[in-house]
Amino acid sequence: MRRFTAPSIALLAILTLVIGWRIYAHDVEARHVAALRVLQAPSVIRLRYRIAYLRSALSFEEYAIENLDGKASVRYSASDRAGNRATFTTPVGGFDVSVLFEELVRDGVWEMESKKPAGNREIAYAVAVEQSVENQHGKHAFTFTDPHYWEANAGRVYHLDLASGVPNQNDLLRMKSSQLAEPRYAKIVADFSGFGPEGFRKNVALARAKLRGL
């Protein structure tokens with residue numbers, strides 16, 4: 001049986017520490033490089049929300065919200081029927097834009113589709129969202145009218161299968177249907193309407209009043 005002397009035990013301990021440190025240091029360095037890669041990767045959120053009016057004193061309102069690598073702002077633009085415009089930009093917190101974006105994602109902004117005009121057709125909405133993060137990019141846009149119509153009053157569509165011949169009365173009573181109502185349009189409108197610091201919303205209200213001649 002081989003016996004280890006004190007010097008050999010000390011040398012073994014030192015070698016173990018050196019090897020352990022090299023492994024640990026390599027792991028720390030790898031994590032540091034990965035973290036830097038994430039921090040240095042472009043991070044962009046762009047949101048557009050436009051309201052077009054058919055008969056109002058206002059012609060349109062538009063919100064352009066951006067978060068570019070943590071530097072965030074919201075730009076409000078509006079115009080009346082005579083072509084008078086109001087435009088201003090307000091800095092906002094990057095976290096606030098991220099929260100809004102997460103709310104929109106939760107409410108289905110990536111899945112929503114354009115709808116043909118329905119309900120109150122005098123006001124039309126357009127939404128566009130764009131995101132770039134960790135070298136991944138995506139964008140989506142859609143339009144719709146009257147979010148409250150889609151929320152509650154769109155009704156149902158019935159599906160009739162004629163493959164087995166002319167249906168009888170009982171077949172008509174058992175027709176399958178699918179709900180056309182979609183409450184997420186109203187949620188997305190509410191998400192945008194509630195965004196922005198108090199000072200920004202006050203300036204929006206003043207701009208609206210001025211363009212409406214109030």
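This text follows the structure it describes.
Residue positions are given per chain, counted from 1 along the sequence in the order it is written. pLDDT decides what is reported in this predicted model: residues at 70 or higher carry local features, side-chain atom pairs at 80 or more are listed and counted, and totals for whole chains, interfaces and linings draw on all residues regardless. Side-chain metrics rest on all non-hydrogen atoms present in the structure, leaving aside hydrogens and water.

## Regarding the pattern of salt bridges
Link 1 in the chain: For this analysis, a salt bridge means a side-chain nitrogen from Lys or Arg found within 4 Å of a carboxyl oxygen belonging to Asp or Glu. In this structure the tally under the stated criterion is 10 salt bridges.
Link 2 in the chain: Arg184 is paired through a salt bridge with Glu111; the nearest N and O atoms lie 4.0 Å apart. Residue Arg184 is located in helix 5 (residues 184-193), and its partner Glu111 is located in the loop between helix 2 (94-106) and strand 5 (123-133); the two are separated by 73 residues in the primary sequence.
Link 3 in the chain: When the shortest N-O distance is used, the salt bridge between Glu198 and Lys202 registers 3.5 Å. With a gap of 4 residues between them, Glu198 and Lys202 both fall in helix 6 (residues 198-211), about one helical turn apart. Here Glu198 matches Lys202 in class, with each residue exposed.
Link 4 in the chain: A network of salt bridges, in which partner residues are shared, links Arg46, Arg48, Glu66 and Glu130. Secondary structure elements are defined from DSSP: runs of H or I of at least 4 residues count as helices, runs of E of at least 2 residues count as strands, and each element is numbered from the N terminus. Each residue's exposure class comes from its accessible area (1.4 Å probe, protein chains only) as a fraction of the maximum for that residue type: buried when under 20%, exposed when over 50%, partly exposed otherwise.

## Here we look at the packing of aromatic side chains
Link 1 in the chain: Stacked, edge-to-face and tilted are the three classes for Phe, Tyr and Trp ring pairs, Trp counted by its six-membered ring, which pair at centre distances within 6.5 Å; planes under 30 degrees apart are stacked, over 60 edge-to-face, the rest tilted. Tallied over the entire structure, the rule returns 14 aromatic pairs.
Link 2 in the chain: Taking the centre distance of 6.2 Å and the plane angle of 65 degrees together, the rings of Phe142 and Tyr185 count as edge-to-face. Linking Phe142 in strand 6 (residues 136-145) with Tyr185 in helix 5, this pair joins segments that are 43 residues apart in sequence. Just as Phe142 is buried, Tyr185 falls in that class too.
Link 3 in the chain: Counting every residue linked through ring pairs, the aromatic cluster contains Tyr49, Tyr63, Tyr76, Phe88, Tyr125, Phe142, Phe144, Tyr149, Trp150, Tyr185, Phe192 and Phe200.

## Topic: helix 5
Link 1 in the chain: Here helix 5 has its buried residues at Tyr185, Ala186, Ile188, Val189, Asp191 and Phe192.
Link 2 in the chain: When checking whether two residues touch, look at their non-hydrogen atoms; a contact exists if any pair is within 4.5 Å. The inward-facing, buried residues of helix 5 contact strand 1 (43-53), strand 2 (58-68), helix 2, strand 5, strand 6 and helix 3 (147-153).

## Details of the environment of His148
Link 1 in the chain: In this fold, His148 is placed in helix 3.
Link 2 in the chain: The class of His148 is exposed, set by a relative accessible area of 53%.
Link 3 in the chain: Separated by 34 residues in the primary sequence, His148 and Glu182 have C-alpha atoms spaced 9.0 Å apart.

## Some points on unusual backbone geometry
Link 1 in the chain: Look at Asp69: it is not a glycine, yet its phi comes out positive at around 55 degrees.
Link 2 in the chain: For Asp69, the position within the fold is in the loop between strand 2 and strand 3 (71-80).
Link 3 in the chain: Located in the positive-phi region is Asp146, a residue other than glycine, with phi close to 40 degrees.
Link 4 in the chain: Note on placement: Asp146 falls in the loop between strand 6 and helix 3.

## Remarks on the pairing of strand 4 (residues 85-92)
Link 1 in the chain: A one-sided burial pattern is seen for strand 4, the buried positions being Ala86, Phe88, Thr90 and Val92 and the unburied ones Arg85, Thr87, Thr89 and Pro91.
Link 2 in the chain: Between strand 3 and strand 4, which pair antiparallel and follow one another directly, the connecting turn spans 4 residues, one of which, Gly83, has a positive phi of 95 degrees. A strand pair is defined by DSSP finding two or more bridges across the two strands.

Function-wise, these values are silent; they only describe arrangement.
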